[in-house]
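A closer look at the structure
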Amino acid sequence: MILPDLNLLIALDVLLTEGSVAAAAKKMNLSPPAMSRTLGRIRDLLGDPVLVRSGRGLTPTVRVEALRERLRAVAEDAQAIIRTERGLDLARLERTFTIHANDGFVETFGAALIARVMEVAPGVRLRFAQKPEGDDMALRAGRADLETGATSRPLPELRVQALFKDRFVGAVRVGHPLLEGRMTPKRFAAFGHISASRRGLDHGPIDDELAAKGLRRRVAAVVPGFSAALALARDSDLVASVPEKETSRDRYGLAMFPLPVSTATITVSQFWHPRLDADPAHRWLRSCVKDICR
């Protein structure tokens, strides 16, 4: 089944109302030849002459005249659809967006993003969820509308927009002995550490940097996310390494410090599938995320 161009239905309604190609062209801001070509397409679509010459004007065929009221209703619906797509009415928008994001992102930016959305689009709901391990197809399959993170190699067709730069810092409980005296790689490595890894890894770039200095840290615990790492650090002498901007310091009452080893700056971005690129509501959501992270 081939769906007709909605603009053809609107053009037909104008032609029937005006009874003239020239008048219809003027009303639709088209040239008379362009309007004539449009009438030709309408005739092909309906398999009917549609309008025939009658004196100096055009008269609808019997078939089109019988369909006139139905055509008018369809044309009005078509115009409403086009207006909705071109002019998004956020106050009336009813939609749920699923966003894959880690706990640190949600804790740091979630409340502000929800407030921004509710202020202008109270009918919109945000569903935050962790990206399941190994699920690189969620955006392509429509299981998620948006994803945030530091993924360096997403699916090739995905759209990517950088949100902010971040770096890893150390986090320990207030009064931790590591805070006493000069922070050195050796003292840093001497304490037990927490590894935050969705894949359950206990080795990463920090370990590589320490190894280059002939040092090795002891990973006492591996947790799936940064929130769990911070919670453990708060109640023990273990050291957590977490993204600085994606971590809410006040929530945990922890002391943060620059790592005594070099780690690469990470870029946190938002990702989406191209099918949502031009969707007005999705464009608006992406702009909200970008503004909040700024």
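All of these numbers come straight from a predicted model, not from anything done at the bench.

Here's the deal with the overall build of the chain
Summing up its helical and strand segments, the chain has 11 helices and 12 strands in all. What you see for the chain is a C-alpha radius of gyration of 30 Å, clearly larger than the 19 Å of a compact globule of 294 residues, by over 25%. The C-alpha extent of the chain, read off along each of the three principal axes, is 100 × 35 × 30 Å. Looking at the 294 residues of the chain, the share that counts as buried comes to 41%. Long-range contacts, defined as pairs at least 24 residues apart, comprise 73% of the intrachain contacts of the chain with a sequence gap of at least 6. Accessible surface, the chain as shown: approximately 16,400 Å² in total, 52% of it carbon and sulfur. For the chain, the centre of its 44 positive side-chain charges and the centre of its 35 negative side-chain charges are spaced 4 Å apart.

So, the side chain of Arg286
Note on placement: Arg286 falls in helix α11 (residues 280-293). Taking relative accessible area as the criterion, Arg286 reaches 8% and is therefore assigned buried. Apart from the residues within four sequence positions on either side, Arg286 is in contact with Leu146, Gln161, Gln270, Trp272, Leu276 and Asp277.

What about the environment of Thr267?
Its place among the elements puts Thr267 in strand β12 (residues 266-272). Since its relative accessible area comes to 29%, Thr267 is described here as partly exposed. Those residues in contact with Thr267, other than ones at most four positions away along the chain, are Gly149, Ala150, Ala162, Phe164 and Lys165.

Notes on the pairing of strand β2 (residues 57-60)
Side chains Leu58 and Pro60 of β2 all project onto a buried face; the interleaved residues Gly57 and Thr59 project onto a face where none is buried. Two strands pair when backbone bridges link them, and strand β1 (residues 51-54) and β2 are joined in this way by 4 bridges, in the antiparallel orientation. If you follow Arg53 over to β2, its bridge partner there is Leu58. In textbook terms, the turn of a hairpin is the stretch between consecutive antiparallel strands, and for β1 and β2 this stretch comprises 2 residues, one of which, Gly55, has a positive phi near 65°.

A few points about the sheet that holds strand β11 (residues 254-258)
The sheet built from 5 strands is open, its strands ordered β9-β8-β10-β7-β11 with mixed pairing. Whereas interior strands pair on both sides, the edge strands pair on one side only; in this sheet they are β9 (218-223) and β11. Across the sheet, the axes of successive neighbouring strands diverge by a mean angle of 35°, strand direction being ignored. Two strands pair when backbone bridges link them, and strand β8 (residues 192-196) and strand β10 (residues 239-243) are joined in this way by 2 bridges, in the parallel orientation. Pairing of His193 across the sheet is with Val239, part of β10. With respect to the sheet, helix α9 (residues 226-234) is in contact with β7 (168-173), β8, β9, β10 and β11, its orientation differing from that of β10 by roughly 145°.

Things to note about the layout of surface pockets
Of the volumes computed, that of the second largest pocket is approximately 160 Å³. Every residue lining the second largest pocket is listed: Asp202, His203, Asp207, Ala211, Leu215, Arg216, Arg217 and Val219. Of the residues that constitute the lining of the second largest pocket, the class distribution is 3 nonpolar, 1 polar and 4 charged.

Digging into the environment of Leu158
Checked against the element boundaries, Leu158 lands in the loop between β5 (146-149) and β6 (159-166). On the basis of relative accessibility, which here comes to 11%, the residue Leu158 falls in the buried class. Separated by 66 residues in the primary sequence, Leu158 and Arg92 place their C-alpha atoms 29 Å from one another. In this view, Leu158 contacts Leu139, Phe271, Trp272, His273 and Pro274; residues no more than four positions away in its chain are not counted.

Quick word on unusual backbone geometry
Phi is positive for Val50, which is not a glycine, with a value near 70°. Relative to the elements of secondary structure, Val50 occurs in the loop between α3 (32-46) and β1. Given the relative accessible area of 0%, Val50 is considered buried.

About the thresholds
- Residues numbered from 1 in each chain as written.
- Predicted model: local features only at pLDDT ≥ 70, side-chain atom pairs only at ≥ 80, totals over all residues.
- Heavy atoms only, no water.
- Helix = DSSP H or I, 4+ residues; strand = E, 2+ residues; numbered from the N terminus.
- Rg over C-alpha atoms; globule rule 2.2 N^0.38 Å.
- Buried < 20%, exposed > 50% of the residue type's maximum accessible area, 1.4 Å probe, protein only.
- Contact = heavy atoms within 4.5 Å.
- Areas by Shrake-Rupley, 256 points an atom, 1.4 Å probe, with all protein chains shown as cover.
- Lys, Arg positive; Asp, Glu negative; His and termini not counted.
- Charge placed at Lys NZ, Arg CZ, Asp CG, Glu CD.
- Pairing = 2+ DSSP bridges.
- Axes fitted to C-alpha atoms, helices over the stretch in contact; angles between N-to-C directions.
- 1 Å grid on protein atoms, 1.4 Å probe; cavity = no way out; pocket = protein on both sides within 12 Å on 5 of 7 lines; lining within 4 Å.
- Points joined across faces, edges and corners; volume = space filled by probe spheres on them.
- Nonpolar A, V, L, I, M, F, W, Y, C, P; charged D, E, K, R; others polar.

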